[in-house]
Amino acid sequence: MGQEDDIPPRVRSLLVLGGARSGKSAYAQSLAETYGSERLYLATAEAGDEEMAARIARHRADRGQGWATLEEPFEIARALGAEARPGRVVVVDCLTLWLSNLMLAGREPGAAVAGLARAIGALAGPAILVSNEVGMGIVPDHKLGREFRDWQGRANREIAQACDAAVFIAAGLPVQLKPVRALSVRLS
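Enquirer: When you look at the overall build of the chain in this model, what are you seeing that I'm missing?
Expert: A count of helices and strands for the chain gives six helices and seven strands. Helices (α) and strands (β) of the chain occur, in sequence order from the N terminus, as β-α-β-α-β-α-β-α-α-β-α-β-β. Taking 2.2 N^0.38 as the reference for a compact globule, 188 residues should give roughly 16 Å; the C-alpha atoms of the chain span a radius of gyration of 17 Å, in line with that estimate. The C-alpha extent of the chain, read off along each of the three principal axes, is 55 × 45 × 30 Å. Split into buried and exposed, the 188 residues of the chain put 37% on the buried side. Restricting the contact set of the chain to residue pairs at least 6 apart, pairs at least 24 apart contribute 76%. For the chain, the accessible surface area stands at approximately 10,900 Å², while carbon and sulfur atoms represent 54% of it.

Okay, structure coming up:
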């Protein structure tokens, strides 16, 4: 491997995937803080109950100073397009709650995901999108759970295709999924 292989690629858009409490939000936040001083947190969560309100408050406190916050549970493609610009990084956290919001409101996920993928391709500034990988566990025992799991897999796949890079977080450790320089296995 040459010295140029050690230089991380510059990307405009990054998808950060992982399981619940894997460290994906912390990774995205840390990466955004290395970019510059203007940072926007595009939050998709809604405080539907006391526990979720406490989670949202804890996330805000964890971010600390230097972060602006925009709460948008549905129209993240529009918000991302309007807010991403040179000199400012936008962290979208998270696509899983966004998809859940859409499905519970009876909105068509396919059109929304396709719109987000198009918006990513036209960004004027850098963005980090956070999403859960939910397809590695048990098959849900009810229809809505299975539909959600299937849509989340489709959404992750489509957004990963639209993004310049993708990272998977497991146990707080990042594994680069995209870009891939070369496959390290060969069939014989």
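Enquirer: Can you help me understand the state of the cysteines in this one?
Expert: As used in these notes, a disulfide is a covalent bond between sulfur atoms, one from each of two cysteines. A full pass over the atoms with the stated rule returns zero disulfides. Take C94: it sits in no disulfide, and the sulfur closest to it among the cysteines is that of C163, at 14 Å. For C163, a relative accessible area of 2% translates into the label buried.

Enquirer: For this particular structure, what's the right way to read the side chain of N132?
Expert: Positionally, N132 belongs in strand β5 (residues 127-132). Within the local environment of N132, its side chain forms a polar contact with the side chain of K24, the two groups lying 2.6 Å apart.

Enquirer: Explain the packing of aromatic side chains to me, please; I cannot follow it from the model alone.
Expert: Each aromatic ring pair is described using two quantities: the centre-to-centre distance and the angle formed by the ring planes. Summed over the entire model, instances satisfying the criterion amount to one aromatic pair. R154 extends its terminal NZ or CZ atom over the ring of W151, reaching a point 4.7 Å from the ring centre.

Enquirer: Would you explain the side chain of E72 in this entry?
Expert: Topologically, E72 is positioned in the loop between β3 (67-71) and α3 (76-83). Reaching out from E72, the side chain makes a polar contact with the backbone nitrogen of F74 at a distance of 3.0 Å. Ignoring anything within four residues of it in the chain, the contact list for E72 reads L42, A43, T44, R78 and A79.

Enquirer: Looking at this structure, I do not really get the sheet that holds strand β2 (residues 38-43). What am I missing?
Expert: Sheet strands pair by backbone hydrogen bonding; their relative direction is either parallel or antiparallel. The seven strands lie next to each other as β3-β2-β4-β5-β1-β6-β7, forming an open sheet whose pairing is mixed. Both edges of this open sheet fall to β3 and β7 (173-178), since each of them pairs with a single strand only. Across the sheet, the mean angle separating the axes of adjacent strands is 20° when strand polarity is ignored. Relative to the sheet, helix α1 (residues 24-35) contacts β1 (13-18), β2, β3, β4 (88-93), β5, β6 (165-170) and β7, its axis offset from that of β5 by approximately 175°. Relative to the sheet, helix α6 (residues 143-162) contacts β1, β5 and β7, its axis offset from that of β1 by approximately 150°.

Enquirer: Quick question: what am I supposed to make of the layout of surface pockets here?
Expert: Rolled over the atoms, a probe with the dimensions of a water molecule shows which regions are left empty. The space that makes up the largest pocket amounts to roughly 730 Å³. Considering the residues around the largest pocket, the lining is formed by 29 residues, among which R21, S25, R55, H59 and D93 are closest to the centre. For the lining of the largest pocket, the element with the highest residue contribution is helix α2 (residues 50-63), accounting for eight residues. Per-class residue counts for the lining of the largest pocket are 11 nonpolar, nine polar and nine charged.

Enquirer: Can you help me understand α6 in this one?
Expert: At 3.6 residues per turn, the α-helix brings residues three or four places apart onto the same side. The end-to-end C-alpha distance of α6, which contains 20 residues, comes to 29 Å, matching closely the 28 Å that a straight helix rising 1.5 Å per residue would cover. If you follow the buried residues of α6, they end up packed against β1, α4 (95-104), α5 (109-121), β5 and β7.

Enquirer: Just to check I follow, could you spell out the pattern of salt bridges for this structure?
Expert: When the charged atoms of two side chains lie near each other, side chains of opposite charge can form a pair. Under the defined criterion, the tally for this structure stands at nine salt bridges. A salt bridge links R55 to E51; the nearest nitrogen and oxygen atoms lie 2.3 Å apart. Linking R55 with E51, this pair stays in helix α2, spanning four residues, or about one helical turn. Relative accessible area serves as the criterion here: at 30%, R55 is assigned to the partly exposed category.

Enquirer: So what exactly am I meant to see when it comes to the nonpolar core here?
Expert: Looking at soluble globular proteins, one finds that nonpolar side chains tend to be buried together. In terms of nonpolar packing, the biggest core is built from 26 residues, with L15, L80, L95, L116, L129 and I159 touching the most fellow members. Leave out the neighbours within four places in its chain, and L15 touches L95, L129, S131, N156, I159, A160, C163, A165, A166 and V167. Counting residues in each nonpolar core, the second largest holds 15 residues, with L14, V16, W67 and V91 among its members.

Conventions adopted
- Residues numbered from 1 in each chain as written.
- Predicted model: local features only at pLDDT ≥ 70, side-chain atom pairs only at ≥ 80, totals over all residues.
- Heavy atoms only, no water.
- Helix = DSSP H or I, 4+ residues; strand = E, 2+ residues; numbered from the N terminus.
- Rg over C-alpha atoms; globule rule 2.2 N^0.38 Å.
- Buried < 20%, exposed > 50% of the residue type's maximum accessible area, 1.4 Å probe, protein only.
- Contact = heavy atoms within 4.5 Å.
- Areas by Shrake-Rupley, 256 points an atom, 1.4 Å probe, with all protein chains shown as cover.
- Disulfide = S-S within 2.5 Å.
- Polar contact = N/O pair within 3.5 Å; in protein donor to acceptor, adjacent residues only side chain to side chain.
- Phe/Tyr/Trp six-rings, centres within 6.5 Å; stacked < 30°, edge-to-face > 60°.
- Lys NZ or Arg CZ within 6 Å of the ring centre and 35° of its normal.
- Pairing = 2+ DSSP bridges.
- Axes fitted to C-alpha atoms, helices over the stretch in contact; angles between N-to-C directions.
- 1 Å grid on protein atoms, 1.4 Å probe; cavity = no way out; pocket = protein on both sides within 12 Å on 5 of 7 lines; lining within 4 Å.
- Points joined across faces, edges and corners; volume = space filled by probe spheres on them.
- Nonpolar A, V, L, I, M, F, W, Y, C, P; charged D, E, K, R; others polar.
- Expected span 1.5 Å × (residues − 1).
- Salt bridge = Lys/Arg side-chain N within 4 Å of Asp/Glu carboxyl O.
- Core = buried A, V, L, I, M, F, W, Y, C linked by side-chain atoms within 4.5 Å.

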